[in-house]
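Observations on chain architecture
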Amino acid sequence: MALQCGIVGLPNVGKSTLFNCLSNAKAQAANFPFCTIEPNVGVITVPDKRLEALAQLVKPQAVQPTTVEIVDIAGLVKGASKGEGLGNQFLANIRETDAILHVLRCFDDGNVVHVDGSVNPVRDKEIIDTELQLKDLETVESRISKVQKQAQTGGDKNAKRLYDILVRFREALLQGKSARTVTFDNADDRKTARELFLLTGKPVLYVCNVDENSAVTGNSYVEQVREAIKDEQAELLIVAAKTESEIAELDTYEERQEFLKEIGLEESGVVRLIHAAYKLLDLETYFTAGVKEVRAWTYVKGAKAPQAAAVIHTDFEKGFIRAEVIKYDDYIRYGSEAACRDAGKLNVEGKEYIVQDGDIMHFRFNV
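Residues numbered from 1 in each chain as written. Predicted model: local features only at pLDDT ≥ 70, side-chain atom pairs only at ≥ 80, totals over all residues. Heavy atoms only, no water.

Attention now goes to the pattern of salt bridges. Tallying each qualifying case throughout the model produces 21 salt bridges. Notably, a salt bridge pairs Lys-125 with Glu-232, separated by 2.8 Å at the nearest N-O pair. Of this pair, Lys-125 sits in helix H4 (residues 121-153) while Glu-232 sits in the loop between helix H7 (220-228) and strand S7 (234-239), placing them 107 residues apart in sequence. Exposure class is identical for Lys-125 and Glu-232. Each is buried. Here Asp-188 and Arg-161 are joined by a salt bridge, their closest N and O atoms 3.7 Å apart. Remark: Arg-161 occurs in helix H5 (residues 157-174) and Asp-188 occurs in helix H6 (residues 187-194); sequence separation between them is 27 residues. When its relative accessible area of 43% is taken as the criterion, Asp-188 is described as partly exposed. Residue class for Arg-161 comes out partly exposed when judged on its relative accessible area of 25%. Within this structure, Arg-322, Glu-324, Glu-337, Arg-341 and Arg-364 form a network of salt bridges that share partners. (Salt bridge = Lys/Arg side-chain N within 4 Å of Asp/Glu carboxyl O. Helix = DSSP H or I, 4+ residues; strand = E, 2+ residues; numbered from the N terminus. Buried < 20%, exposed > 50% of the residue type's maximum accessible area, 1.4 Å probe, protein only.)

For residues that are not glycine, phi is negative in most cases, and the peptide bond is trans in most cases. One non-glycine residue, Phe-197, adopts positive backbone phi at about 50°. Positionally, Phe-197 belongs in the loop between H6 and strand S6 (204-209). Although it is not a glycine, Asp-282 adopts a positive phi angle of roughly 60°. Tracing the chain through its elements places Asp-282 in the loop between helix H10 (269-280) and strand S8 (283-289).

On to the packing of helix H8 (residues 241-248) against helix H9 (residues 253-263), then. It is at 9 Å that the axes of H8 and H9 come closest, and there the two elements cross at 150°. Taken together, the axes of H8 and H9 are roughly antiparallel relative to one another. Seen from above, H8 lies across H9 with right-handed handedness. Of H9, the residues touching H8 (which contributes Thr-243, Glu-246 and Ile-247) are Arg-256, Phe-259, Leu-260 and Ile-263. Classifying every residue of the contact of H8 with H9 gives four nonpolar, one polar and two charged. (Axes fitted to C-alpha atoms, helices over the stretch in contact; angles between N-to-C directions. Parallel < 35°, antiparallel > 145°, perpendicular 65-115°, else oblique. Left-handed = near helix turned anticlockwise from the far one by under 90°. Contact = heavy atoms within 4.5 Å. Nonpolar A, V, L, I, M, F, W, Y, C, P; charged D, E, K, R; others polar.)

What follows is about the confidence of the model for the protein. Summary statistics for the protein give a mean pLDDT of 85 and a share of 89% for residues scoring 70 or more. Confidence over residues 25-37 falls short of pLDDT 50; this stretch has 35 contacts with residues more than four positions distant or in other chains. (pLDDT = per-residue confidence, 0-100.)

A few words now on the state of the cysteines. Applying the stated criterion across every chain, the model contains zero disulfides. Cysteine Cys-106 remains unbridged, with the sulfur of Cys-208 as its closest cysteine sulfur at 3.9 Å. (Disulfide = S-S within 2.5 Å.)

What follows is the structure, encoded as structure tokens:
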């Protein structure tokens, strides 16, 4: 499941530094705009202590974690919606991602040039929001012009639904609001809205890049951002990217943990960011556990057993018969699949079973 989060932001806010911390890929982290011209893609392992615990019990030949792709996208400037800077390329790259990690500079440093001359994360946020909203408005108005006549005179219910949705989006965008602020009660409406693939309809996590002294509590810049996004359907995370890069250079896990302890953090910002990105994409994890392999599998929250099985192979969904399910806590408590079975903790589930985060599953199928 190659789901992508795109790291975006104005030039020189710390995007590439953060990307380097997240991935073994080395984007050029330099003190000038557009140092990342082509999007850099890193496949990021999602840390999961449950996978480690299962591996210790099963002692498999291999352990396979789940992953999320992180894309470092070129810095945006004012006028991007009209092609300024690398605007057209930026907008094309961001359209291909599933969610947005919007990095905002929330630190003062006279040695790092700000493209607009001063530090103001709310202004920076609004610049990117405006450019994306303008592009979405262009998209929405183009679609309205194509479907309006059919919706109003043709008696086509689907065209009417699409038109009504487009009008609601247009109203929000004209007010300077992002598409994700528009909500729909009807499931068909939500599906139609998603299929428009609007840039500002993507889930977003605002990453406030702070100095080391603000890594735990944040600062006044962070509070300004928090206030600015209170009415958005968006999340906020505080990360000190420069500090994270220093942590990443330490040789051992013990050294990294000691560093984190010294600055008052239980886990690194990178780990928190990966988990936040995973959550942002509305993803959860189930496991398969056997002597050959203990593996984490990514599925979309709310998926039923056949759809979750398809993550392994489409044949598993086509020929789905049943799923044998053990809850993670039960597996840890009893120590093995056999012991769980003997204790009556292995459940047989059918096609309507909604998979739960942490389930250990074995699928029966016939094609």
